[in-house]
Amino acid sequence: MKKFGSSAIDRRAFLRGVATVGFAAATSTAFAQQSDIGEILAAPRRGNWDDQFDARSSNKGKVASFQPIASPDTASFIESAINTYSQIVSNGGWPRVDATVKLQLGVIDPSVAAMRKRLMIAGDLSESAGLSNSFDTYVDAAVKRFQARHGLPADGVMGEFSLAAMNVPADVRLGQLQTNLERVRTLASTDQGSRYVMVNIPAAQIEAVEGGRVVQRHTAIVGKIDRQTPILDSKIHEVILNPYWTAPKSIIQKDIIPLMRKDPTYLSRNKIRLFDEQTREEIAPESVDWTTEDAVKLMFRQDPGKINAMSSTKINFPNPYAVYMHDTPQQGVFNKLMRFESSGCVRIQNVRDLNVWLLRDTPGWDRQTMEATIKTGVNTPINVNNPVPLHFVYVTAWSTGDGVVHLRDDIYERDGQAALSIGTNT
């Protein structure tokens, strides 16, 4: 029988493995599997039929919140969480959950008792639920709450990643909260503007904030470990509908040239044209020597359309990293557990909702007009009236109050704790 949770889970190796497999697959598939477009890996979610039945797991607050990360209240809530976690650590922390079977609703196993204790200490399960070996509906609801707080699919099944998150020691989580308190204090003390967009890189999530309240929250895809999304502050000044996509030099060198060596029709099939960067004259792909790296000197531009790497939208903002935010033709990628797959740019789920919010003060661009323009397929740049402040931040731990502590993996290893990096939990 396979033993679950008996060894460290190498999530960093998992990420690199996915990248390798995706790259190999790209040699025989459309441009939609390119490194900055993404692959589809649907993750079905279990229903929540039992959540309101007999299984109220905790008296603590709801995980979902309209509280922005960059808020003085968030900093205060983190301070309270630090006090709570300090007490947990002084009391000996929480037990490790070593499972020999997959833990899910209906399972009876001694490891469930340890998991019940673990969930109680963190506030996900009420102590009134008792300590038994039964994975009942109370435990199911508590596990879903735990998963939601850790940015994991809230399906109630203790898979590898959920178990790894559960087995991070309490003192490590305490240190994570202390590290991120300083980050959030800095954000909260800075005037972000009355309306702003914040991309939290480790959470792969976007907040559109107005009047001190999150009015939209979007799932995102951010940079790979070796192509990191940068921390930055800027202002969104342009939304382009039906954008052209110009491939960055890194993607030309690392991805497109190797693909062209294996499939000379790759560019034409994916409506990518070559241009001389100086004269802007179009160049035939067959005239290029693909056995060399000379093609890096050329401009690779993809025409607007459904297979365009940015699909309906590109969102521009001044920055020295040549990154931007955009739509994607592969919406299934937002269902993936690990959403660190881009070359540094940020892909946005339901980007058209964000477009409408960004263009609210720009005359003539309501939802109906935007949708009609996208249908035309015509490249349409739109200057944003009252450019909207934008912040790319790195926060792996925060609290929204009432005992709700959000924790994420330290994907880029900036927290200084090895156990928080992808896959080193022991």
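Here the residue index of a chain counts from 1 through its sequence in written order. The predicted origin of the model limits local features to residues at a pLDDT of at least 70 and limits the giving and counting of side-chain atom pairs to 80 or more, whereas totals for whole chains, interfaces and linings rest on all residues. Side-chain calculation: all heavy atoms of the structure are included, whereas hydrogens and water are not.

The name given to the protein in an unreviewed UniProt entry is Murein L,D-transpeptidase, and the organism recorded there is Phyllobacterium sophorae.

Let us now look at the environment of Ser71. Strands here mean DSSP runs of E at least two residues long; helices mean DSSP runs of H or I at least four residues long; both are numbered from the N terminus. Mapping Ser71 onto the fold places it in the loop between α1 (11–26) and α2 (72–90). Sequence separation between Ser71 and Thr186 is 115 residues, and the spatial gap between their C-alpha atoms is 9.7 Å. Contacts: residue pairs with any heavy atoms within 4.5 Å of one another. Setting aside its immediate chain neighbours within four residues, Ser71 contacts Val184 and Ala188. Polar contact is the term for a pair of N or O atoms within 3.5 Å; when the atoms are in protein, one must be able to donate a hydrogen and the other to accept it, and sequence-neighboring residues count only if both atoms are side-chain atoms. There is a polar contact of 2.8 Å between the side chain of Ser71 and the side chain of Gln67.

Looking now at the packing of helix α3 (residues 110–122) against helix α4 (residues 137–149). Close contact between α3 and α4 brings their axes to 11 Å; oriented N to C, the two are set at 55 degrees. When the axis of α3 is compared with that of α4, the two are oblique. The two elements α3 and α4 meet at a crossing, and its hand is left-handed. Of the residues in α4, those in contact with Met115, Arg116, Arg118, Leu119 and Ala122 of α3 are Val139, Ala142, Val143, Phe146 and Arg149. Between N-to-C directions, angles cover 0 to 180 degrees, with each direction set by a line fitted to C-alpha atoms, over the stretch in contact for helices. Orientation categories follow fixed angle ranges, with anything under 35 degrees roughly parallel, anything over 145 roughly antiparallel, 65 to 115 roughly perpendicular, and all other angles oblique. The crossing is said to be left-handed when, going from far helix to near helix, the turn is anticlockwise and less than a right angle, and right-handed when the turn is clockwise.

Residues three or four positions apart in an α-helix share a direction because the helix packs 3.6 residues into each turn. Those residues of helix α10 (residues 367–376) that fall on the buried side of the exposure criterion are Met370, Thr373 and Ile374. Around the axis of α10, the buried residues are gathered within 100 degrees of arc, so they sit on the same side. Summarising the geometry of α10, the exposed residues directed more than 90 degrees from the buried face are Gln368, Lys375 and Thr376. In this fold, the buried residues of α10 make contact with β4 (232–241), α9 (351–358) and β13 (380–393). One or two steps after α10, the chain reaches Gly377, where phi turns positive at roughly 75 degrees. The cut-offs for exposure are 20% and 50% of the maximum accessible area for each residue type, with area from a 1.4 Å probe on protein chains only; residues under the lower value are buried, those over the upper are exposed, and the others partly exposed. Relevant arc is that of directions from the helix axis to the C-beta atoms, nothing else.

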